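# Observations on chain architecture
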Amino acid sequence: MSTTVTTHRPRPTAQPTTLRARRLPRYAAPLIALAALLVAAGIVYGTGIGGPVLVVVVAALLYLAGLFAAANAVEGRRAARNRTWSALIHSAFVLAVLPLASVVWTLVSKGVERLDGNFFGTSMNNIGARDPNGGAYHAIVGTLEQVGIATLITVPLGILCAIYVVEYGRGRFSFAIRFFVDVMTGIPSIVSGLFVLAFWVLIVSPMVNDGRPGFSGFAAALALSVLMLPTVVRSTEEMLRLVPAPLREGAYALGVPKWKTILRVVLPTALPGIVTGVMLAIARAAGETAPVLLVAGGGAAINVNPFENNQSSLALFVYQQAGDASKYSPARAWTAALTLVALVLVLTIAAKLLARRNRLGR
Amino acid sequence: MAKRIEATNVSAYYGGFKAIENITLTVEPKTVTALIGPSGCGKSTFLRSINRMHEVLPGARVEGNLTIDNQDIYDRDVDVTAVRRMIGMVFQRPNPFPTMSIFENVVAGLRLNGVKKKSILEEAAERALRSANLWDEVKDRLGKPGAGLSGGQQQRLCIARTIAVEPQVVLMDEPCSALDPISTLAIEDLMFQLKDQFTIVIVTHNMQQAARVSDRTAFFSIEKTGDPGRLIEYDNTQKIFSNPSVKKTEDYITGRFG
Ligand SMILES: Nc1ncnc2c1ncn2[C@@H]1O[C@H](COP(=O)(O)OP(=O)(O)OP(=O)(O)O)[C@@H](O)[C@H]1O
Ligand SMILES: [Mg+2]
């Protein structure tokens, strides 16, 4: 403003005299990495203290140190810190992806052996220890039905519950709901299986079943619902809270009733996040073994009726085949595991695409 | 058609904080009434009390008496959605619905209230967009998302959305604060048109605009921060801007405020 007040008050930060700064050449980072790798290999193999894994670890540390030193010398301290931190963050990313890549690689390489029509077309009925074929058709049917029914139960219930808590709930009742949902999140799957076993299989279904306990896929679906519900409620709740209040007000100001505002404005805005939460719940449920074993009992034959008799599931199939003495069963277990992962992946991608189609392209 | 709004001793609270106190004024039908005053003096709060948007915030409440054509707006038996359908509102910050296209945004009020017929919706959308001076800019991309527009375009979209439902009273909270002079003129033109049939209340920080568009002007002010806002003077715009009866009003209008 006024030039007369150019007193000698020191500026809060030193002003740079030029905008250009010295930079490390582009080839510096790869060069340091290569040098670090060579030095690390020299140290590790020279002293004979370890193998390739140690080489990589030592090389990573050397690379960080070398990068910091080089950048510090050429670019200054701030730039050196920046470079080191971004290198650290990238290493963290690699560390996080490594196990995932390893799991996928193991699954694919071991699962491909039994990836044939027979595996997807037959069950384990009448398959003895010496039979090389046999498949997971019954388990796939079981997983799809159990998880499908559990999803049909939990998604409407969970979303309505979250809507109540976020949009209507005031006071003690909604607090109680949130508290119990939090408690439910911590329930171990075996406990939910036991709960359904005690409550549904041994008490409720015998009443309509001439006193026989009602092991069934539906019972498994109930147990899975207990596990899925808190995930769906909590993630939907978070997503609904993220919808900005001015959006709701915009709809109210047009004379749109509250329920319609929630249905047509709030839910569509939160949809992608809700879908992610539901998919997380489904993925968790599809991988559960214990409750299915407890209340659906497993079984080798195809049973497409979820309301009667034993059913298996992919996770249970993996568990049983992995523990089986037959030399053909490990291959079946691997292929079933691969199938399970692929199933969840396909479902997730499909759901995301659907949710995105609802949003408008930018 | 046009409605008279009467406020008697209206006070509004945010939880324990009293934002406005004892506001009493009458908004005549078929006029433009401007609310002016320093920032934080409760203009938005008063505006939002008129169509019962204030109570949407948790802990917020309104005391006193507000009527529209002698019907109590805050009566226990009143349907809030009916009030808001009758009294439309443009917010201080544009808030288009992010999942809806431009077209869907404009007709949202009609559609969500049950109008289905495509021809009616299309006609209403074009009329509203033309009035808000947005039609030429968006007519080729009505299917694109409303959130993809510029800030000023979004504001005009929200104005179009509000007038598409043809409310009897239109409340506008600084509708032109993000607009260029041309769009501002268009919105002011729109107010002149709307005034033939409807009642308009507008909040503005632009003195020239208040003087240009409004028939009556209300000046709000606060003593000091933390005090509730009060109505200092309410009179014909001409009078307020040429010969205000309160010293404070004159100071504010001539820029000698605070
Ligand atoms: N959501 C809220 N919660 C609590 N206090 C609020 C809230 N909104 C506004 N207030 C307070 O109420 C008073 C009046 O606010 P209001 O928004 O009505 O002012 P305004 O006159 O519209 O100001 P501006 O010209 O800046 O828009 C202010 O003191 C403000 O801090
Ligand atoms: Mg305001």
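Computed from a prediction, not measured in an experiment: that's the story for all the values here.

A few words now on the UniProt feature "domain: ABC transporter" (unreviewed entry) in chain B. Within this structure's numbering, the places UniProt gives as "domain: ABC transporter" (unreviewed entry) are residues 5-247 of chain B. Split by type, residues 5-247 of chain B is 35% helix and 26% strand. Its first and last C-alpha atoms lie 27 Å apart.

With that settled, the discussion passes to the confidence of the model for chain B. For chain B, the average pLDDT comes to 92, and 99% of its residues sit at 70 or higher. Scoring of the predicted complex yields 0.84 for pTM and 0.92 for ipTM.

Residue and element names in this part refer to chain A. Per the UniProt entry, the sites bearing "transmembrane region" (unreviewed entry) are residues 27-47, 53-74, 86-108, 147-167, 179-203, 215-233, 265-286 and 333-355 in this numbering. A distance of 31 Å separates the end C-alpha atoms of residues 53-74, which is 100% helix and 0% strand. With 100% helix and 0% strand, residues 86-108 has end C-alpha atoms that lie 32 Å from one another.

Residues and elements named next belong to chain B. Inspection of the secondary structure puts Ile 202 in strand S8 (residues 199-203). As for Ile 202 and Val 115, which are separated by 87 residues in sequence, their C-alpha atoms are 28 Å apart. Ile 202 has contacts with Val 32, Thr 33, Ala 34, Leu 35, Met 172, Pro 175, Met 191 and Gln 209, leaving out every residue within four places of it along the chain.

Moving on: the coordination of the magnesium ion (ligand 2). Residue and element names in this part refer to chain B. Every protein donor of the magnesium ion (ligand 2) is listed here as Ser 44 (OG) and Gln 92 (OE1), and their distances to the metal cover 1.9 to 2.5 Å. Taken as a pair, Ser 44 in helix H1 (residues 43-50) and Gln 92 in the loop between strand S6 (87-90) and helix H3 (102-106) lie far apart in primary sequence, 48 residues in all. Residue Gln 92 is classed as partly exposed on the basis of its relative accessible area of 34%.

Residue and element names in this part refer to chain A. Entries for chain A in the domain assignment read domain 1 (28-113) and domain 2 (119-361). Here the C-alpha centroids of domain 1 and domain 2 sit 40 Å apart. At the junction of the two partners, domain 1 supplies six residues and domain 2 supplies six residues. Interface area for domain 1 against domain 2, summed over the two sides, is near 580 Å², with a carbon-plus-sulfur share of 79%. For the domain 1 face of the interface with domain 2, the top three residues by lost area are Leu 107, Lys 110 and Gly 111, together amounting to 74%. Remark: the boundary between domain 1 and domain 2 carries zero salt bridges. The tally of links from domain 1 across to domain 2 stands at one residue pair in polar contact (both at pLDDT 80 or more). Broken down by class, the residue content of the side of domain 1 that touches domain 2 amounts to two nonpolar, two polar and two charged.

What counts and what doesn't
- Residues numbered from 1 in each chain as written.
- Chains lettered and ligands numbered in written order.
- Predicted model: local features only at pLDDT ≥ 70, side-chain atom pairs only at ≥ 80, totals over all residues.
- Heavy atoms only, no water.
- UniProt positions renumbered as here; feature names shortened; annotations may be inferred.
- Helix = DSSP H or I, 4+ residues; strand = E, 2+ residues; numbered from the N terminus.
- pLDDT = per-residue confidence, 0-100.
- Contact = heavy atoms within 4.5 Å.
- Donors = N, O, S within 2.8 Å, 3.2 Å for Na, K, Ca; no water.
- Buried < 20%, exposed > 50% of the residue type's maximum accessible area, 1.4 Å probe, protein only.
- Domains from an automatic or database assignment.
- Buried area = accessible area lost by both parts, 1.4 Å probe.
- Salt bridge = Lys/Arg side-chain N within 4 Å of Asp/Glu carboxyl O.
- Polar contact = N/O pair within 3.5 Å; in protein donor to acceptor, adjacent residues only side chain to side chain.
- Nonpolar A, V, L, I, M, F, W, Y, C, P; charged D, E, K, R; others polar.

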